[in-house]
Amino acid sequence: MTGFNNQSATSGLPSEVSGLLSENIHVRISDTTLRDGEQAPGVVFSTGEKLDIARALAWSGVDEMEAGIPAMGEPALSQIKALTRLNLPCPLVSWCRAGKEDIEKASECGTPGVHISFPASSILLRTFNKDEAWVLERMEDCINSAKAYFDRISLGFQDATRADLPFLELLMAKALSLGVNRVTLADTVGVANPAMIMTLVSGLLKKMPALQLGFHGHNDLGMATANAVSAAMAGAQTLSVTVNGLGERAGNAALEEVAMALSRVDKMGTGIDLAGLSKLCGLVSRASGTSLHPSKPIVGSRVFWHESGIHCSGLLKNPLSYQPFAPETVGHEKSTLINGFHSGFAGIRHAMESYGISITRSQGEKILSRVRQTALDQKRSLSSKELVDLYLAEESAARESA
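What counts and how
Residues numbered from 1 in each chain as written. Predicted model: local features only at pLDDT ≥ 70, side-chain atom pairs only at ≥ 80, totals over all residues. Heavy atoms only, no water. Helix = DSSP H or I, 4+ residues; strand = E, 2+ residues; numbered from the N terminus. Expected span 1.5 Å × (residues − 1). Buried < 20%, exposed > 50% of the residue type's maximum accessible area, 1.4 Å probe, protein only. Arc of directions from axis to C-beta. Disulfide = S-S within 2.5 Å. Pairing = 2+ DSSP bridges. Axes fitted to C-alpha atoms, helices over the stretch in contact; angles between N-to-C directions. Contact = heavy atoms within 4.5 Å. Salt bridge = Lys/Arg side-chain N within 4 Å of Asp/Glu carboxyl O.

Caption draft 1: Helix 16 (residues 384–401), seen in detail. Across its 18 residues, helix 16 extends 26 Å between first and last C-alpha, which sits within 8% of the 26 Å expected from 1.5 Å per residue. Of the positions making up helix 16, those classed as buried are L387, V388, L390 and Y391. Take helix 16 and look down its axis: the buried residues cluster within an arc of 160 degrees, on one side only.

Written out as structure tokens, the structure reads:
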């Protein structure tokens with residue numbers, strides 16, 4: 001595993017958190033692309049697309065998948081059943097609201113696991129016209145009902161990052177007393193920050209070390225990946241993610257970002273096949289009908305394109321001088337040097353050499369001047385073939401004036 005040194009990975013963390021990194025840690029990835037990802041407005045996966053995505057996720061190394069919401073009825077039920085028939089190497093989970101009816105519907109699907117979601121914050125409780133006593137009572141009813149059907153039961157607490165901490169702790173203790181130790185904290189509206197998540201997760205685990213804690217983050221403030229990584233570094237064992245960060249509003253923590261970020265932290269990893277990330281993300285992008293921004297971290301089409309003269313010069317000497325990792329690491333092809341307004345001599349010379357043409361510094365400066373003017377006038381970059389044409393034009397002009 002490629003990673004930073006221990007000082008850079010753990011500097012500034014509370015002692016109880018940095019101590020967690022003294023041994024190699026496998027962070028479990030629970031993918032919810034087929035459930036929460038599909039809740040992005042306008043996104044609907046066909047059954048065939050869900051099967052293809054599920055296979056790709058399993059091959060990529062995710063530890064489990066949320067297959068869908070059985071309470072939606074047909075065709076959701078038939079899709080989940082089709083997914084179970086794939087007999088994938090990672091377990092499937094049905095997602096349920098806090099009600100026996102949802103759990104009974106889920107029992108028809110054949111998934112070995114069920115995830116039951118409860119509102120935890122006062123704002124959600126008021127929205128649903130419920131109170132804390134209702135949640136505690138419903139937890140017991142739902143867990144007892146689920147035990148009759150499922151080998152794997154996990155609970156999720158919606159809006160946990162806006163919940164009152166004493167009530168959140170009470171919910172955790174109640175889950176443990178009912179024999180469920182796997183609980184996921186949901187930053188449902190994406191309001192948390194890494195310091196907050198670090199403190200929350202480490203504090204809960206310090207009080208209740210028997211918990212298997214998970215984290216589900218949304219990206220409303222652009223911090224879903226950072227929050228997920230912080231949760232893992234604080235001791236969370238499972239991270240809920242979606243491919244491309246697909247999901248409601250600004251989306252979820254992105255599988256590809258979380259997996260790559262954790263691979264850079266010493267003694268932590270996810271087991272995800274990093275080299276297959278670009279292919280996986282492309283598959284979900286096409287199926288969801290949502291294009292990836294060219295600068296999308298990890299898998300954007302232009303994240304390994306370089307134009308700056310200083311950067312291109314450095315990259316030609318050392319590919320890692322202005323890149324955090326090699327493009328091939330995540331399934332990209334090699335880096336691309338762009339000829340444009342910000343180019344320098346080294347990049348221009350490299351482009352010419354690809355056509356078997358060696359140029360002097362003087363020749364390069366003349367071409368560079370033409371490149372910058374053309375880029376400015378036409379607001380675009382130039383191909384290497386256009387550089388050759390500029391070179392030939394300069395040489396022709398020089399011969400005529402001689």
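Caption draft 2: Structural context of the state of the cysteines. Taken as a whole and judged by the stated rule, the model has 0 disulfides. Its sulfur unpaired, C90 is 16 Å from the next cysteine sulfur, which belongs to C109. Take C90: its relative accessible area is 6%, and that puts it in the buried class.

Caption draft 3: View of the sheet that holds strand 7 (residues 182–187). Taking strand neighbours around the barrel as the criterion, the 8 strands line up as 2-3-4-5-6-7-8-9 in a closed arrangement whose pairing is parallel. Within this sheet the neighbouring strands show an average axis-to-axis angle of 25 degrees, counted without direction. Pairing analysis gives 2 bridges linking strand 2 (residues 28–31) to strand 3 (residues 64–68), with the strands arranged parallel. Across the sheet, the residue bridging to D31 is M65, located in strand 3.

Caption draft 4: Broad picture of the environment of I53. Its place among the elements puts I53 in helix 3 (residues 47–60). Of the residues examined, I53 reaches a relative accessible area of 0% and is grouped as buried. Look past the residues within four positions of I53 in its chain and what remains in contact with it is L34, F45, L283, V284 and A287.

Caption draft 5: Quick look at the side chain of S121. Along the chain, S121 falls in the loop between strand 5 (113–119) and helix 6 (122–127). According to the relative accessible area criterion, S121 is buried, its value standing at 0%. Among residues more than four places away in sequence, those in contact with S121 are Q158, D159, R162 and A163.

Caption draft 6: Looking closely at the pattern of salt bridges. Evaluated as defined, the whole model comprises 17 salt bridges. With a closest N to O distance of 3.1 Å, K385 and D389 form a salt bridge. Here K385 and its partner D389 are both found in helix 16, 4 residues apart, which amounts to about one turn of the helix. Judged by its relative accessible area of 37%, D389 falls in the partly exposed class. Salt bridges sharing common partners tie together R28, E64, R152 and R182.

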